[in-house]
Amino acid sequence: LRAKLHPHARRVTIKTRLVNLKKAGSRNTEKYLRYIERGGVTREREPAVTYGPSEDRVDTRAFEEKGREDRHQFRFIVSAEEAIELGDLKAFTRELMQQMEKDCGTKLDWVAVDHWDTDNPHTHIVLRGKDEQAQDLIISRDYIAHGMRTRASEIATNWLGLRTEREIRNSMIREVDQERLTSIDRQLLRDAKQGSVELEALPLNSESRWQRSIKLGRLQKLEQMGLAEKTGINQWRLHPQMESTLRAMGERGDIIRTMQRAMGDKQQPISIENTISKEELIGKVIGKGLLDELHERHYLIIDALDGKAHYLPLPSSSDLQEFPQGTIVGVASHSRADQMIASKTQQGIYRVPSNSFTLHEKINSHTDEGHALHHVRRLEALRRAGIVERIEEGIWRIPPNLVEQGRAYDAHKRGGVSVQVLSYWPLEKQVKAIGATWLDQQLVTGAAPKSRPGFSDEVRKALRQRLTFLADEGFAERVEARVVIKGNLLATLRDRELQATANKIAEETHLNYHPTHDGQRVSGTYRRSIVLASGRFAMIEEGIEFSLVPWRPVIDRYLNQPVRGVMRGANVDWNLSRSREMQL
């Protein structure tokens, strides 16, 4: 379909992604549907409602299960320039998909969600890769690139009428000073010959004079931005990187607006650089989402102890459900981890320290042992990429150019940082918790933050409240004007919370609780994970007994399946390859 649109037709942008479901992973569709259904995206800031060709509410789980064996899937984001004027995006989407069915000659199986939480209301459409005959649905490249947008523009124009001259002119005037790639820039790039643009000296008619003035205004703005240079009367040279620079500037502007929405009335410096240079960054999650909703480029916004709000891009494999609002996280640079691994590598071999602890327990100590778990997770990712080799448990073969290969890997994956949850519980819930909280870890290590706006001052206040609570509950003593913590506080609180949780589980399941200790083998069926003040734990059931052991993301894929490992301090060395053998 290559029908030429009227110059005054309504403009509709459609972004398309063809997803190979086998490469994307078994949970990709589930995660994507869960994200586009998130709360706060409707006009009333309520959770989104997913609809279909005739149903106003569809079962997305049933839709996802039905398409699990599909080879591929289409995802569209449809954004009409006058979406607000269109009003009923649901009816607009249904009319568009009905027209697509006529063009493609088959019924289409799809679901959609309307989003009103941005400056440009838009619709997410997920289309199964099967036609009505259960054959692979093939849509031509030309239709994807042009036909679908043409149909959407025709429908929008039919609803609202052609754009008036005033609407077109006002739209272009707004574009002149924008710091992003605009339709005027695209026209300048089309007009350019060998990178140079020459404006008409004296246009004969008013429309040409208007177009010339708009281009002139934009070129002057580009000159101020260092992206164009005047080389003569009515002549300009465009910067070779003009298009990519403007795209990046537009993305940067989107990020800043996203951060401002997440911060609300807070007045704090912001950082959108994906670099963590010296030490781990610690803060709480105040915002999250997909900057590029189509290609699932995730981000977190962190209110950090350094007094700044940080924007952190994450790889598409991240699961945003792992980071609820208020979650306290530690962020470490992959490049820094690679440098530390390389510095401890001897003759191409890196050995993980045997007395390693979890990152959340040693986040403030900055010792090699404290970073061991983070290093192992990094090495596992690099192993899957074919960069390093695991010889045996705790021993790795490292290439001499690890840092360079790691940096290239991060650039490809679009995520140069590792985010570790330090506490799923927000500060206000930790203050009066019977459990080894993140606040207790700060009290034990004496890691009181400096007085800075935002999260840092919130932590200082919460630490004072926590000390008072510990003293009232007998876990600390008041000595004159000071409050002194009793010895072995973390272990005491952790054991108290685990025992109370185990008692509840035993009452529900009629199983016996079997505590674990360092060096003990752990085996059984992984039933579920439990989020406590002391961290996240996995329930492992074996026979008439169950244990609660530290959870790691890697075992979630083994839910209701046999697992085995060995307790190492406050962590578990999971041997999941042998667990798989147990199943076979």
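In this numbering scheme, every chain counts its residues from 1 along its sequence in written order. Only residues with pLDDT of 70 or above have their local features reported here, since the model is predicted, and side-chain atom pairs are shown and tallied only from 80 upward, although totals for entire chains, interfaces and linings are computed over all residues. Water and hydrogen atoms were dropped before computing side-chain values, which therefore reflect all heavy atoms in the structure.

## Focus on the overall build of the protein chain
- From N to C terminus, the protein chain includes 18 helices and 24 strands.
- The principal-axis extent of the C-alpha atoms belonging to the protein chain is close to 90 × 60 × 55 Å.
- Each residue gets one of three labels from its accessible area relative to the maximum for its type: buried under 20%, exposed over 50%, partly exposed in between, using a 1.4 Å probe on protein chains only. Out of the 584 residues in the protein chain, the part that is buried amounts to 48%.
- Residue contacts are defined here by distance: any two heavy atoms, one from each residue, within 4.5 Å place the two residues in contact. Intrachain contacts of the protein chain at a sequence separation of at least 6 include 66% that bridge at least 24 residues.
- For the protein chain, the exposed surface amounts to about 30,500 Å²; the carbon and sulfur share of it is 46%. Counting from the N terminus, the helices are the DSSP runs of H or I reaching at least four residues and the strands are the DSSP runs of E reaching at least two. Only the protein chains shown count as cover for residues, and the accessible areas themselves come from Shrake-Rupley with a 1.4 Å probe.

## Considerations on unusual backbone geometry
- A positive phi angle, close to 65°, is found at N234, a residue other than glycine.
- In this fold, N234 is placed in the loop between strand 6 (228-232) and strand 7 (235-238).
- Although it is not a glycine, N488 sits at a positive phi angle of roughly 60°.
- With respect to the helices and strands, the residue N488 is situated in the loop between strand 18 (482-485) and helix 17 (489-509).
- Its relative accessible area of 59% is what places N488 among the exposed residues.

## Thoughts on the pairing of strand 11 (residues 309-314)
- Counting buried positions along strand 11 gives six out of six residues, so the element sits mostly inside the fold.
- Here strand 11 shows no split at all, with A309, Y311 and P313 on one side and H310, L312 and L314 on the other all buried.
- The pairing of strand 8 (residues 270-271) with strand 11 spans two bridges and is parallel. Bridge pairing in strand 11 links S271 to H310.
- At least two bridges found by DSSP between two strands is the condition for calling them paired. When strand 10 (residues 297-304) meets strand 11, the two strands line up antiparallel, connected through six bridges. Counted as the bridge partner of D303 is A309 from strand 11.
- A loop of four residues connects strand 10 with strand 11, the two strands running antiparallel in sequence, and G307 in this loop sits at a positive phi of about 85°.

## A look at helix 5 (residues 89-104)
- Helix length check: helix 5, at 16 residues, gives a terminal C-alpha distance of 22 Å against a target of 22 Å (1.5 Å per residue), a fit within 8%.
- Buried within helix 5 we find L89, F92, T93, R94, L96, M97, M100 and E101. Every helix has an expected span of 1.5 Å times one less than the residues it contains.

## A word on the pattern of salt bridges
- A pair is scored as a salt bridge if a Lys or Arg side-chain nitrogen falls within 4 Å of a carboxyl oxygen belonging to Asp or Glu. This structure, assessed with the given rule, holds 35 salt bridges.
- Here R218 and D185 are joined by a salt bridge, their closest N and O atoms 2.8 Å apart. Highlighted residues: R218 in helix 9 (residues 206-224) and D185 in helix 8 (residues 183-191), separated in sequence by 33 residues. For the pair R218 and D185, a shared accessibility class is recorded, and that class is buried.
- Between E380 and R390 there is a salt bridge; the shortest N-O distance is 2.6 Å. One end of the pair, E380, is in helix 12 (residues 372-384); the other, R390, is in strand 14 (residues 389-392), and 10 residues separate them in sequence.

## Quick notes on the confidence of the model for the protein chain
- The predictor attaches a confidence to each residue, called pLDDT, with possible values from 0 through 100. Counting all residues, the mean pLDDT for the protein chain is 86, and 90% of those residues have values of 70 or more.
- Scored below 50 in pLDDT, residues 355-370 makes 38 contacts in the model with residues more than four places away or belonging to other chains.

## Section: the sheet that holds strand 5 (residues 196-198)
- Spatially, three strands are ordered 5-7-6 in an open sheet, and the strand pairing comes out antiparallel. Only two strands of the sheet have a single neighbouring strand rather than two, namely strand 5 and strand 6. Taking each pair of neighbouring strands and ignoring which way they run, the sheet shows an average axis angle of 30°.
- In this structure, strand 5 lies alongside strand 7, joined through three bridges in antiparallel fashion. Only C-alpha atoms enter the line fits that serve as axes; for helices the fit covers just the stretch in contact. Angles between N-to-C directions range over 0 to 180 degrees.

## Here we look at the sheet that holds strand 23 (residues 562-568)
- Sheet architecture is open: six strands sit in the order 19-22-21-20-23-24, paired in mixed fashion. Each edge of the sheet is formed by a strand with only one pairing partner; in this case those strands are strand 19 (512-513) and strand 24 (571-574).
- In the sheet, strand 20 (residues 521-532) pairs with strand 21 (residues 535-542) via seven bridges, with the strands oriented antiparallel. Residue pairing in the sheet places L532 in a bridge with G535 of strand 21.

## Quick word on the packing of aromatic side chains
- Two aromatic rings from Phe, Tyr or Trp, using only the six-membered ring of Trp, form a pair when their centres are within 6.5 Å; if the ring planes differ by under 30 degrees the pair is stacked, by over 60 it is edge-to-face, and anything between is tilted. Throughout the structure, instances matching the rule amount to six aromatic pairs.
- Judged by centre distance (6.3 Å) and plane angle (0°), the rings of F74 and F76 are stacked.
- Here F74 falls in the buried class, since its relative accessible area comes to 5%.
- By relative accessible area, F76 is classed as buried at 0%.
- It is R169 that lies over the ring of W210; its NZ or CZ is 4.5 Å from the centre.
- A cation over an aromatic ring shows up here: K429 above the ring of W425, its NZ or CZ 4.2 Å from the ring centre. Two conditions define a charge sitting above a ring: the NZ of Lys or the CZ of Arg must be within 6 Å of the ring centre, and it must be within 35 degrees of the ring normal.

## Topic: the nonpolar core
- Counting residues in each nonpolar core, the largest one holds 43 residues, and the members touching the most others are L300, F323, V329, V419, I540, V549 and W574.
- Those residues in contact with F323 that lie beyond four places of it in its chain are V285, K288, L300, L314, V329, V419 and V421. Residue types Ala, Val, Leu, Ile, Met, Phe, Trp, Tyr and Cys, when buried and joined through side-chain atoms within 4.5 Å, form a set referred to as a nonpolar core.

## What to know about the side chain of Q430
- As for its placement among the helices and strands, Q430 is situated in helix 14 (residues 427-430).
- Counted as a polar contact is a pair of N or O atoms within 3.5 Å, where, for protein atoms, one must be capable of donating a hydrogen and the other of accepting one, and residues adjacent in sequence contribute only when both atoms are in side chains. Of the polar contacts made by the side chain of Q430, one reaches the side chain of S423; its length is 3.2 Å.
- Reaching out from Q430, the side chain makes a polar contact with the backbone nitrogen of L439 at a distance of 3.1 Å.
- Not counting residues within four places of it along the chain, the set of residues in contact with Q430 comprises I328, S423, W425, T437, W438, L439 and R466.

## Thoughts on the pairing of strand 4 (residues 122-128)
- Among the seven residues in strand 4, seven count as buried, and that is most of the element.
- Note: strand 2 (residues 72-80) against strand 4, six bridges, orientation antiparallel. Bridging from a neighbouring strand, I77 pairs with H124 of strand 4.
- Note: strand 3 (residues 110-115) against strand 4, six bridges, orientation antiparallel. Bridging from a neighbouring strand, H115 pairs with H122 of strand 4.
- As consecutive antiparallel partners, strand 3 and strand 4 are separated by six residues.

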